[in-house]
Amino acid sequence: MYNFEYQNPVKIIFGKGEIKKVGINIPTGAKILLTYGGGSIFKNGVYDQVKASIKDFDVVEFGGIEPNPRYETLMKAVEVVKKENITYLLSVGGGSVLDGTKFIAAAALFTNGDPWKILSRQAPVLDAIPIGAVLTLPATGSEMNGGSVVTKAETKEKLSFISPKVMPRFSVLDPEVIFSLPEKQVANGIVDAFVHVIEQYLTFPVNSPIQDRFAESILKTLIEEGPKVLANRNNYDAAANFMWSATMALNGLIGAGVPQDWATHMIGHELTAYHGIDHAQTLAIVLPGIMHIKRDQKKDKILQLGERVWGVLDGTDDERIDETIRKTVGFFESVGIQTKLPDYSVTSETIDTICTRFKNRGYKVGEKANIGPDEIRLILEDRL
Ligand code: NZQ
Ligand code: ZN
């Protein structure tokens, strides 16, 4: 196990009816910017619950934060923050609204030029406006991490930044918000959380049985509970287990002290940037390709995943690796997410474009920083 430092100050307020606690977790006298997306919160009762909870505060609202939040939209919110002297940001939505709010929080206090540099040059975030969150879609883990992914529409770039400064002060997780989620978004959440675990687990052994078994338990819970949510959309217990699994999948705990990959995400982000494919769908496409092309490097952990999560015990190593990949693909497809590029009308032309972008960026990705344009081509061609 590697050395690590772990600190996660986010206060989680979990359970049915807990949205009423938003107000008591915001400092008295704060001037709040309530951020939201396309309006789902007005239809599922979340907005009314939030507004009731913050009725004693001075509140400005900013809506229209897109799925895969856009820099151009978020910069309009930054203007509102400055004009209205906002002192607290309250994100009410899924990962896109929260990631967008994290960027707004940092950009509003950024004094080193164009805030896009926070993403394009990883310019340090020295300060940020405090954030509270009401999560309406379990998937990203954004509710309990310092990560944020933002898209610049003008250049079709989807980039991320991480800073402890933008970790929410508190996040309210009420599983009942899942009842209104479209099935596709439930499936997206299951797969996104599953792949978050994989990015921190399916690398190479470093003698980390606690992290491994915790990771495997999250995977098995997603495999067991995810389909229950889809089968009965008002199953509170399954919704609660799914929501908490997604949070635990990316709050830093299972990733502490172990190698991390993230190549699936780095390549997947390009498929979203160029084709607008949902984030989780891009992961379902790319991951099987990475498992196949990097099977030698990842052999020990793929065999362990197969044995402990999918029950793959028989056959040669290669046969067991193939079966583990098949099981993983089968799980994604069982929740309705396709795993091949043609399923999304993506052709080899995009493969060329993505490989060129990585070539121009000049860096390689993956746990051993050995996935460059050539490997990316093999990985994506495996998915044609
Ligand atoms: O915008 P509204 O009207 O709210 O509708 C949203 C949106 O259309 C809808 N929705 C959300 N909650 C709902 C609901 N509809 C009905 N009932 C509810 N309770 O669902 C749609 C998708 O929402 P979005 O926030 O885009 O989905 P998700 O939470 O999966 O977030 C995806 C974004 O998170 C980033 C992705 O790149 C993508 O931009 N990620 C963030 C990470 C992080 N911060 O750590 C890590 C992840 O790997 C990921 O990259
Ligand atoms: Zn993700």
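Residues numbered from 1 in each chain as written. Chains lettered and ligands numbered in written order. Predicted model: local features only at pLDDT ≥ 70, side-chain atom pairs only at ≥ 80, totals over all residues. Heavy atoms only, no water.

**Here's the deal with the overall build of the protein chain**
Move 1: Scanning the protein chain from terminus to terminus reveals 14 helices and eight strands.
Move 2: Against the globule reference of 21 Å for 384 residues, the protein chain gives a C-alpha radius of gyration of 20 Å, in line with a compact fold.
Move 3: Each of the three principal axes of the protein chain carries a C-alpha extent, and together these read 65 × 45 × 45 Å.
Move 4: Residues classed as buried in the protein chain amount to 59% of the 384 residues present. (Helix = DSSP H or I, 4+ residues; strand = E, 2+ residues; numbered from the N terminus. Rg over C-alpha atoms; globule rule 2.2 N^0.38 Å. Buried < 20%, exposed > 50% of the residue type's maximum accessible area, 1.4 Å probe, protein only.)

**Thoughts on the coordination of the zinc ion (ligand 2)**
Move 1: Only Asp-192 (OD), His-196 (NE2), His-265 (NE2) and His-279 (NE2) from the protein reach the zinc ion (ligand 2) as donors, at distances of 2.0 to 2.2 Å.
Move 2: Binding-site remark: the zinc ion (ligand 2) is held by donors from one chain whose sequence spacing is D-x3-H-x68-H-x13-H. Separated by 73 residues along the polypeptide, Asp-192 in helix H6 (residues 183-199) and His-265 in helix H9 (residues 263-275) bring together distant segments of the chain. (Donors = N, O, S within 2.8 Å, 3.2 Å for Na, K, Ca; no water.)

**A closer look at the domain arrangement of the protein chain**
Move 1: What the domain assignment lists for the protein chain is domain 1 (11-176) and domain 2 (183-381).
Move 2: Centre-to-centre, using C-alpha coordinates, domain 1 lies 26 Å away from domain 2.
Move 3: Taken together, the contact between domain 1 and domain 2 spans 24 residues of the former and 21 residues of the latter.
Move 4: A buried area of about 2000 Å², summed over both sides, lies between domain 1 and domain 2, and 66% of it is on carbon and sulfur atoms.
Move 5: It is Pro-138, Lys-156 and Lys-158 that lose the most area in domain 1 upon contact with domain 2, and together they represent 28% of the buried surface on that side.
Move 6: At the junction of domain 1 with domain 2, the criterion picks out zero salt bridges.
Move 7: Summed over the shared surface of domain 1 and domain 2, the number is five residue pairs in polar contact (both at pLDDT 80 or more).
Move 8: Counting residues per element, the ones that place at least two in the side of domain 1 that touches domain 2 are strand S1 (11-14) and strand S7 (157-162).
Move 9: Residue contributions to the side of domain 1 that touches domain 2 peak at three residues, all from S7.
Move 10: For the side of domain 1 that touches domain 2, the class distribution of residues is eleven nonpolar, six polar and seven charged. (Domains from an automatic or database assignment. Contact = heavy atoms within 4.5 Å. Buried area = accessible area lost by both parts, 1.4 Å probe. Salt bridge = Lys/Arg side-chain N within 4 Å of Asp/Glu carboxyl O. Polar contact = N/O pair within 3.5 Å; in protein donor to acceptor, adjacent residues only side chain to side chain. Nonpolar A, V, L, I, M, F, W, Y, C, P; charged D, E, K, R; others polar.)

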